[in-house]
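Understanding the architecture of this molecule
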Amino acid sequence: MEISTIPLSSSIRGKLISAGYTSLSSISSVSSTDLARDVNITEEEAFDISKLANQISGSNGSCINGAKNAWDMLHEEESLPRITTSCSDLDNILGGGISCRDVTEIGGVPGIGKTQIGIQLSVNVQIPRECGGLGGKAIYIDTEGSFMVERALQIAEACVEDMEEYTGYMHKHFKANQVKMKPKDILDNIFYFRVCSYTEQIALVNHLDKFISENKDVKVVIVDSITFHFRQDFDDLAQRTRVLSEMALKFMMLAKKFSLAVVLLNQVTTKYTEGSFQLALALGDSWSHSCTNRVILYWNGDERYAYIDKSPSLPSASASYTVTSRGLRNSSSSSKRIKMM
Amino acid sequence: MKPESLVGKSPTSPKLTTGCEVIDGCLRGGFPCDSLTEIVAESGCGKTQLCLQLSLCAQLPISHGGLDGSALYLHSEFPFPFRRLHQLSRSFHLSNPSIYANHNDNPCDHVFVQNVHSVDHLFDIMPRIDNFVGKSKTRFPLKLIVLDSVAALFRSEFDNTPSDLRKRSSLFFKVSGKLKQLANKFDLAVVVTNQVTDLVESSSDGLSGLRIGNLRYLYSSGRRVVPALGLTWANCVNSRVFISRSDDTICKERSEKDESGQRALRRLDIVFSPYLPGASCEFMITQEGICGVQ
């Protein structure tokens, strides 16, 4: 439909046409702010134009494109798959696993198992749909050099064994239906990037959009760790905060656009508050807004625990887990407790 | 930007043998390449002994667990034990005569030693390592960097004020970032050593006893210790190995070989590592070098 159908003053109509807005759909496809800037009119005028254009073209009347109602979103969210951590206690407190479309931050002291969770997720995301997985691929961004191929292979082998056992159990009579996944294929489906400086890290994050568009089945992006290069060479902390929040927005955008899970591993640092030192995740307070979910890993006696520190949908809870040679598993003492009850 | 293929890489990354089967078993073959491994121990536990032995073992052919390469030994604790290196190199030469059969060189020719007296000096040296690796034309390319010790560089120069500590933390990450970059670029094994501090119970800083890694407490010579340089530095290394000494256990084996017949027993623990389970083994230091005890 032509824009002549909108009741507008001729001067504004002229401005719209000269800026290239010749059809109603072209107006309704941009936000009123962009329209105001392109056509050089005030925002109120632009808002009115968008509103009129939407009314005439008979769209649902919402001025903000892409707005959805909460009911639809709830359904969408419930249908979203989750990536299992291979530790059912941890999955339980996470509401079934690491959720797609979210940015999840996992932090803890060195040696607590951050990298192990990262490797485990990059393997588990590939569990095929028949076995209750996502059948996706993983991007692993290694900033610290902690990713070891032999460890990934070990976890992949254990995962394949578990899947074979599962399919054997599910389809006792359908031998032909067995999953033919090899540990080598699992390694093949992890896109591994090693970054050695923060400039490389920023460049890679900017490139991810294009990369994932070409590899649509990527379902998890793991950054191990987001922190390492940002704790050196930054005298200007305000600049660091800006760079980091821009990066966080990119990750949010990727998570929503491709409905994949973003897992950012973070280090802990000591924070001086009220006369005493306390442990806190690195990168400061403003960074803590950047992630949807935040999980903190800590030692409790001789057991590793995970604690949901922040989440819009999950209650705060903690669960123990253990790192075995086969990967992440329930801690043995908790299974004993359950047996006793 | 293209992802690296994981399948193309060898399933077990190259490792540098320590020259001792028992410790190699504990480390699944030795110290890994493209990774930064830290050895934490109080003085006199054998950090430097292990590092010297690694520098020589780097020359072993890959089939023998070596890296077919030379070593760069950056030392910040003086003096450098040249005599001991020479002693070790002689027994190394005797036990591996085949490597030097056709060449008239000495194992010591392939251990490059550089002193480092401050953090700034270290930053001067590191860009030159790039050139050094690129241009070296010996039959052994550089495959190992040892920094002995990182603690000596950082423990003296900085005050205990917030601004100095912040500066120090930033330098930790810079040193570690640069070392990891070299390790990645040239597929080097990087080994750094660190000292320990005694843990004073009920000190005002409540976090000094924070548990890091597999071991709940670290004991050496009967005292409870923590690695120097704190939590921040612990974030900078890929793997941490702890060596401790206990005064009680004396090993009386091999008495026919050495005069005294008594050797202090040392214990090696994996504190944390992305590819190793928690494990430990015991060893002693003999004239020929480090020797594991079953």
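Parameters at a glance
- Residues numbered from 1 in each chain as written.
- Chains lettered and ligands numbered in written order.
- Predicted model: local features only at pLDDT ≥ 70, side-chain atom pairs only at ≥ 80, totals over all residues.
- Heavy atoms only, no water.
- Helix = DSSP H or I, 4+ residues; strand = E, 2+ residues; numbered from the N terminus.
- Buried < 20%, exposed > 50% of the residue type's maximum accessible area, 1.4 Å probe, protein only.
- Contact = heavy atoms within 4.5 Å.
- Areas by Shrake-Rupley, 256 points an atom, 1.4 Å probe, with all protein chains shown as cover.
- Lys, Arg positive; Asp, Glu negative; His and termini not counted.
- Charge placed at Lys NZ, Arg CZ, Asp CG, Glu CD.
- Core = buried A, V, L, I, M, F, W, Y, C linked by side-chain atoms within 4.5 Å.
- Phe/Tyr/Trp six-rings, centres within 6.5 Å; stacked < 30°, edge-to-face > 60°.
- Lys NZ or Arg CZ within 6 Å of the ring centre and 35° of its normal.
- Buried area = accessible area lost by both parts, 1.4 Å probe.
- Salt bridge = Lys/Arg side-chain N within 4 Å of Asp/Glu carboxyl O.
- Expected span 1.5 Å × (residues − 1).
- Arc of directions from axis to C-beta.
- Pairing = 2+ DSSP bridges.
- Axes fitted to C-alpha atoms, helices over the stretch in contact; angles between N-to-C directions.
- Patch = residues over 30% accessible without salt bridge, like charges linked within 9 Å, V, L, I, M, F, W, Y side chains within 5 Å.
- Domains from an automatic or database assignment.
- Disulfide = S-S within 2.5 Å.
- Parallel < 35°, antiparallel > 145°, perpendicular 65-115°, else oblique.
- Left-handed = near helix turned anticlockwise from the far one by under 90°.
- Nonpolar A, V, L, I, M, F, W, Y, C, P; charged D, E, K, R; others polar.

**Notes on the overall build of chain A**
Each helix and strand counted, chain A has 13 helices and 13 strands in total. Taken over the C-alpha atoms alone, chain A extends approximately 80 × 65 × 40 Å along its principal axes. Going through the 341 residues of chain A one by one, you find that 50% of them count as buried. Pairs at least 24 residues apart make up 64% of the contacts formed inside chain A by residues separated by at least 6 positions. Split by element, the accessible area of chain A, about 16200 Å² in all, is 52% carbon and sulfur. Mean positive and mean negative side-chain charge positions of chain A (35 and 40 charges, respectively) differ by 4 Å.

**Observations regarding the nonpolar core**
Residues and elements named next belong to chain B. With 97 residues, the main nonpolar core has I129 and F154 as its most contacted residues. Discounting chain neighbours no more than four positions away, the residues touching I129 are L72, L142, I145 and L182. Counting 45 residues, the second-largest nonpolar core is a separate cluster that includes L16, C51, Y73 and I290.

**Description of the packing of aromatic side chains**
Residues and elements named next belong to chain B. One pass over the full model with this rule turns up 15 aromatic pairs over all chains. Relative to F82, the ring of F80 lies with its centre 4.6 Å away and its plane at 65°, an arrangement referred to as edge-to-face. Residue classification places F82 among the exposed positions, given a relative accessible area of 52%. Grouped by ring-pair contacts, the aromatic residues F154, F158, F172 and W233 constitute a single cluster. Taking NZ or CZ as reference, K174 lies 4.7 Å from the ring centre of F123, over its face.

**A few points about the interface of chain B and chain A**
Chain B puts 43 residues into the contact, and the matching count from chain A is 43 residues. Approximately 3800 Å² of surface area, both sides summed, lies buried where chain B meets chain A, with 60% of it carried by carbon and sulfur atoms. Applying the counting rule to chain B against chain A returns 2 salt bridges. In this structure, the salt-bridge partner of E150(A) is K15(B), at a minimum N-O distance of 2.6 Å.

**Looking at the environment of H229(A)**
Residues and elements named next belong to chain A. By the element assignment, H229 lies in the loop between β6 (218–224) and α11 (237–257). Note on H229: relative accessible area 2%, which makes it buried. With 31 residues separating them along the chain, H229 and Y198 place their C-alpha atoms 5.2 Å apart. Excluding residues that lie within four positions of it along the chain, H229 makes contacts with T143, V195, C196, S197, Y198, Q201 and F234.

**So, helix α4 (residues 43–56) of chain A**
All names here are of chain A. With 14 residues, α4 extends 20 Å between its outermost C-alpha atoms, agreeing within 8% with the 20 Å of an ideal straight helix rising 1.5 Å per residue. All of the buried residues in α4 are A46, I49, S50, A53 and N54. The buried residues of α4 occupy an angular sector of 130° when projected down its axis, which confines them to one face. Counted as exposed and oriented over 90 degrees from the buried face of α4: E44 and Q55. On its buried face, α4 is in contact with α1 (10–18), α2 (24–28) and α3 (32–39).

**Notes on the sheet that holds strand β11 (residues 303–310) of chain A**
Residues and elements named next belong to chain A. Pairing within the open sheet is mixed, and its 9 strands lie in the order β5-β4-β6-β7-β3-β10-β11-β12-β13. Two strands in the sheet have a free side with no partner beyond their single neighbour: β5 (190–194) and β13 (327–329). For this sheet, the mean angle separating the axes of adjacent strands, direction not counted, is 25°.

**Description of the side chain of S239(B)**
Residues and elements named next belong to chain B. Turning to its location among the elements, S239 is positioned in strand β11 (residues 239–251). Classification of S239 as buried rests on a relative accessible area of 5%. Setting aside its immediate chain neighbours within four residues, S239 contacts L36, T37, E38, F272, S273, P274 and Y275.

**Side note on a negative patch on the surface**
All names here are of chain A. Among the surface-exposed residues, E43, E44, E45 and D48 lie close enough to one another that they form a single negatively charged patch. Residue placement: E43 occurs in helix α4. Judged by relative accessible area, E43 falls into the partly exposed class, the value being 46%.

**Description of the domain arrangement of chain A**
Here chain A is described as being made up of domain 1 (3–56) and domain 2 (71–340). Each of domain 1 of chain A and domain 2 of chain A has a C-alpha centre, and the two are 45 Å apart.

**Section: unusual backbone geometry**
A cis geometry characterises the amide bond from F78(B) onward to P79(B), with omega recorded as -10°. Here P79(B) is to be found in the loop between β4 (70–75) and α3 (82–95). Between D148(B) and the following residue, S149(B), the backbone shows a cis peptide bond with an omega angle of -5°. In this structure, L283(A) is a non-glycine residue whose phi angle is positive, near 80°. Mapped onto the elements, L283(A) comes out in the loop between β9 (276–281) and α12 (284–287). Exposure remark for L283(A): the relative accessible area of 8% places this residue in the buried category.

**So, the state of the cysteines**
All names here are of chain B. Applying the stated criterion across every chain, the model contains 0 disulfides over all chains. No disulfide involves C26; its sulfur sits 4.0 Å from that of C281, the nearest cysteine. Residue class for C26 comes out buried when judged on its relative accessible area of 9%. Unpaired in this structure, C51 has its nearest cysteine sulfur neighbour in C57, at a distance of 12 Å.

**As for the packing of helix α2 (residues 47–57) of chain B against α3(B)**
Residues and elements named next belong to chain B. Closest axis-to-axis distance for the α2/α3 pair is 10 Å, and the angle between their directions is 45°. Taken together, the axis directions place α2 and α3 in an arrangement best described as oblique. Once α2 is placed against α3, the crossing between them reads as right-handed. Along its contact with α2, which presents Q49, L52, Q53, L56 and C57, the element α3 presents R84, L85, L88, S89 and F92. Looking at the contact of α2 with α3 residue by residue, the classes come out as 6 nonpolar, 3 polar and 1 charged.

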